[in-house]
Amino acid sequence: MMNLIYETQDSFYQYIERVASGTQTIADYLREDKVGEAMQLIAQFSEGVAWLTKVIVLMREHKYHINIDPSQINGFLLEINDGLERQDYVIVADMFEYEIKPFFEEATKERFYQMKEDKN
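No experiment lies behind these values; they were computed from the predicted model shown. (Residues numbered from 1 in each chain as written. Predicted model: local features only at pLDDT ≥ 70, side-chain atom pairs only at ≥ 80, totals over all residues. Heavy atoms only, no water.)

Trainee: I'd like to hear about the overall build of the chain, residue by residue, with values.
Mentor: Summing up its helical and strand segments, the chain has 4 helices and 2 strands in all. Ordering the α and β elements of the chain from the N terminus gives α-α-β-α-α-β. Its C-alpha atoms put the chain at 55 × 25 × 20 Å along the principal axes. Here the chain holds 120 residues, and 37% of them are scored as buried. With the model as given, the accessible surface of the chain reaches about 7,400 Å², and the carbon-plus-sulfur share is 49%. Once the 12 positive and 22 negative side-chain charges of the chain are each reduced to a mean point, those two points are 7 Å apart. (Helix = DSSP H or I, 4+ residues; strand = E, 2+ residues; numbered from the N terminus. Buried < 20%, exposed > 50% of the residue type's maximum accessible area, 1.4 Å probe, protein only. Areas by Shrake-Rupley, 256 points an atom, 1.4 Å probe, with all protein chains shown as cover. Lys, Arg positive; Asp, Glu negative; His and termini not counted. Charge placed at Lys NZ, Arg CZ, Asp CG, Glu CD.)

Here is the structure:
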């Protein structure tokens, strides 16, 4: 079981780095009017951050914590969806470059740590 936990954490760290670098590509594609390519990456981004959120929740169940707020990730998804519905690709590109990218760049520095058991 511990191997699975550590392997999952390692996959999490590797993936979050790819997300951080991929956000700039999405912003660039949107600005270059490569909307189709950007949409494919946004779909992958959405699936990826859903997985990251799931890992954070599951790790908490196993008493591991990381200083990344999953609700903030979900907030990004809602904002992206809103911008895409309005076809406001400039706003979506700005979100990826100026909000989402810095968030994930900071998140790459975070590591899981084991929470202490309460002795009540």
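Trainee: Describe unusual backbone geometry, naming the residues involved and giving the relevant values.
Mentor: You will see that Lys-63, though not glycine, has its phi angle at about 70 degrees, which is positive. Position of Lys-63 relative to the elements: it lies in the loop between helix 2 (35-61) and strand 1 (64-65).

Trainee: Give me helix 1 (residues 2-31): which residues, what numbers.
Mentor: A turn of α-helix holds 3.6 residues, and therefore any two residues three or four places apart point the same way. Its 30 residues give helix 1 an end-to-end C-alpha distance of 44 Å, which sits within 8% of 44 Å, the value for a rise of 1.5 Å per residue. Along its length, helix 1 reaches its greatest deviation from straightness, about 25 degrees, at Ser-21. Among the structural elements, helix 2, strand 1 and helix 4 (89-107) are those in contact with the buried residues of helix 1. (Expected span 1.5 Å × (residues − 1). Bend = angle between axes of the 7 residues up to and from the residue. Contact = heavy atoms within 4.5 Å.)

Trainee: So what about the pattern of salt bridges? Which residues, and what values?
Mentor: If the charged atoms of two oppositely charged side chains come close together, the side chains can form a pair. Tallying each qualifying case throughout the model produces 5 salt bridges. A salt bridge links Glu-106 to Lys-109; the shortest N-O distance between them is 2.9 Å. One continuous salt-bridge network, built from bridges that share partners, spans Arg-31, Asp-94 and Glu-97. (Salt bridge = Lys/Arg side-chain N within 4 Å of Asp/Glu carboxyl O.)

Trainee: Residues and numbers for helix 2, please.
Mentor: Its 27 residues place the ends of helix 2 39 Å apart at the C-alpha level, agreeing with the 39 Å of an ideal helix rising 1.5 Å per residue. Three or more residues of helix 2 are buried, namely Val-35, Ala-38, Ile-42, Phe-45, Gly-48, Val-49, Leu-52, Thr-53, Val-55, Ile-56 and Met-59. Buried residues in helix 2 make contact with helix 1, strand 1, helix 3 (70-85) and helix 4. Trailing helix 2 by a residue or two, Lys-63 shows a phi angle of about 70 degrees, which is positive.

Trainee: Help me get a handle on the packing of helix 1 against helix 4, residues and values and all.
Mentor: Two numbers describe a pair of packed helices, the interaxial angle and the distance between the axes. Two elements in contact, helix 1 and helix 4, have axes whose closest approach is 8 Å; the angle formed by their N-to-C orientations is 165 degrees. Between helix 1 and helix 4, the crossing angle belongs to the class labelled roughly antiparallel. When you trace helix 1 past helix 4, the crossing you get is left-handed. Side by side, helix 1 and helix 4 meet where Ile-16, Val-19, Ala-20, Thr-23, Gln-24, Ile-26, Ala-27, Leu-30 and Arg-31 of the first sit next to Tyr-89, Val-92, Ala-93, Asp-94, Phe-96, Glu-97, Tyr-98, Ile-100, Lys-101, Phe-104, Glu-105 and Ala-107 of the second. In terms of residue class, the contact of helix 1 with helix 4 is built from 14 nonpolar, 2 polar and 5 charged. (Axes fitted to C-alpha atoms, helices over the stretch in contact; angles between N-to-C directions. Parallel < 35°, antiparallel > 145°, perpendicular 65-115°, else oblique. Left-handed = near helix turned anticlockwise from the far one by under 90°. Nonpolar A, V, L, I, M, F, W, Y, C, P; charged D, E, K, R; others polar.)

Trainee: Any chance you could break down the environment of Glu-79 for me, citing the residues and the numbers?
Mentor: Along the polypeptide, Glu-79 turns up in helix 3. Setting aside residues up to four positions removed in sequence, Glu-79 forms contacts with Met-95 and Glu-99.

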